[in-house]
Amino acid sequence: MGEFGEKAEQYFHAGYNCSQSVVAAFAPVLGISEALALRMSAGFGGGVGRMREVCGAFCGATTVLSLAYANPADPADKSRIYGMVQELAAQYRAQNGADSILCRTLLGLEKPEGSPQAAPRTSEYYQKRPCAQLVHLAADLTAEYLAAHPAKAVAACAEKRE
């Protein structure tokens with residue numbers, strides 16, 4: 001399963017945000033283009049718009065689960081998807097070392113920086129933030145979840161989202 005984590009981490013080191021990195025790693029298996037994956041997840045980085053709320057890597061994992069399993073034709077399907085997201089969140093919390101899905105907690109911040117300006121990607125940036133490892137973890141956990149629950153995926157995913 002490590003291939004998705006590695007691919008997501010490569011996207012992150014190429015300059016994409018945490019959410020984009022996770023979603024783009026799964027684009028081929030979801031049947032969407034890399035460009036669409038990157039666009040649809042762009043605003044979730046930095047804990048959603050750099051507000052340091054829900055971790056962008058976890059937002060990416062949630063997006064992948066939604067694309068793989070959600071059945072928008074069934075209004076009652078929300079509860080099933082919510083259960084999947086909560087299950088994955090519990091795994092993410094248990095394995096990320098901070099027992100949280102909040103960006104500011106994962107980064108050890110008392111409060112958001114207060115700016116929408118993305119930080120430049122320097123070697124210092126990568127040394128002081130656990131984001132690359134969190135992207136890797138979120139993608140690997142998502143891949144494990146998909147592998148363990150193949151029968152639940154909706155037909156649209158199998159049809160490569162025409």
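Note that the structure is predicted; figures quoted are calculated from it, not measured.

S.K.: So what exactly am I meant to see when it comes to helix α1 (residues 2-13) here?
M.R.: The α-helix winds at 3.6 residues per turn, so residues separated by three or four positions along the chain end up facing the same way. Over its 12 residues, α1 runs 16 Å from end to end, which matches the ideal 16 Å to within 8%, given 1.5 Å per residue. Inspection of α1 places F4, G5, A8, Y11 and F12 among the buried residues, and these make up the whole buried set. Taken down its axis, α1 places every buried residue within 120 degrees of arc, on the same side. Looking at α1, the residues exposed on the side facing more than 90 degrees away from the buried face are E3 and Q10. Contact partners of the buried residues in α1: α2 (18-30), α3 (34-40), α7 (123-128) and α8 (131-148).

S.K.: Looking at this model, I keep getting lost on the layout of surface pockets. Mind explaining?
M.R.: Vacant regions in the atomic arrangement are exposed by a probe of water-molecule size rolled over the atoms. Taken as a whole, the largest pocket spans an internal volume of roughly 380 Å³. Considering the residues around the largest pocket, the lining is formed by 24 residues, among which N17, G45, G46, R121 and Y125 are closest to the centre. Secondary-structure elements contributing two or more residues to the lining of the largest pocket are α6 (103-106) and α8. Of the residues belonging to the lining of the largest pocket, the class tally is 13 nonpolar, seven polar and four charged.

S.K.: Even after reading the chapter, I still don't get the pattern of salt bridges, so can you show me in this structure?
M.R.: When the charged atoms of two side chains with opposite charge come close together, those side chains can pair. Taken as a whole and assessed by the stated rule, the structure comprises five salt bridges. One salt bridge connects E113 with R50, and the closest N-O pair in it is separated by 3.6 Å. Highlighted residues: E113 in the loop between α6 and α7 and R50 in the loop between α3 and α4 (56-69), separated in sequence by 63 residues. Given the relative accessible area of 35%, E113 is considered partly exposed. What you see here is one network of salt bridges that share partners, running through R50, R52, E113 and R129.

S.K.: I would appreciate a short explanation of the nonpolar core in the present structure.
M.R.: Nonpolar side chains tend to gather and get buried jointly when the protein is soluble and globular. Grouped together as the largest cluster of nonpolar side chains are 46 residues, with contacts concentrated most on F26, A57, F58, Y69 and Y92. Looking at this core, the elements that each hand over two or more residues are α1, α2, α3, α4, α5 (77-95), α6 and α8. Once residues lying within four places of it in the same chain are set aside, the contact partners of Y92 are C55, A57, F58, S100, I101, L106, L134, L137, A138 and L141.

S.K.: Explanation requested: the environment of A14 in the structure shown.
M.R.: Positionally, A14 belongs in the loop between α1 and α2. The spacing of A14 and R121 is 107 residues in sequence and 9.2 Å in space, taken between C-alpha atoms.

S.K.: I would appreciate a short explanation of α4 in the present structure.
M.R.: Given a rise of 1.5 Å per residue, 14 residues ought to cover 20 Å, and the 20 Å separating the end C-alpha atoms of α4 matches this to within 8%. The buried fraction of α4 is high, at 12 of 14 residues. For α4, the full list of buried residues reads G56, A57, F58, C59, G60, A61, T63, V64, L65, L67, A68 and Y69.

Rules of the game
Residues numbered from 1 in each chain as written. Predicted model: local features only at pLDDT ≥ 70, side-chain atom pairs only at ≥ 80, totals over all residues. Heavy atoms only, no water. Helix = DSSP H or I, 4+ residues; strand = E, 2+ residues; numbered from the N terminus. Expected span 1.5 Å × (residues − 1). Buried < 20%, exposed > 50% of the residue type's maximum accessible area, 1.4 Å probe, protein only. Arc of directions from axis to C-beta. Contact = heavy atoms within 4.5 Å. 1 Å grid on protein atoms, 1.4 Å probe; cavity = no way out; pocket = protein on both sides within 12 Å on 5 of 7 lines; lining within 4 Å. Points joined across faces, edges and corners; volume = space filled by probe spheres on them. Nonpolar A, V, L, I, M, F, W, Y, C, P; charged D, E, K, R; others polar. Salt bridge = Lys/Arg side-chain N within 4 Å of Asp/Glu carboxyl O. Core = buried A, V, L, I, M, F, W, Y, C linked by side-chain atoms within 4.5 Å.

Bear in mind that shape data such as this cannot, by itself, settle questions of function.
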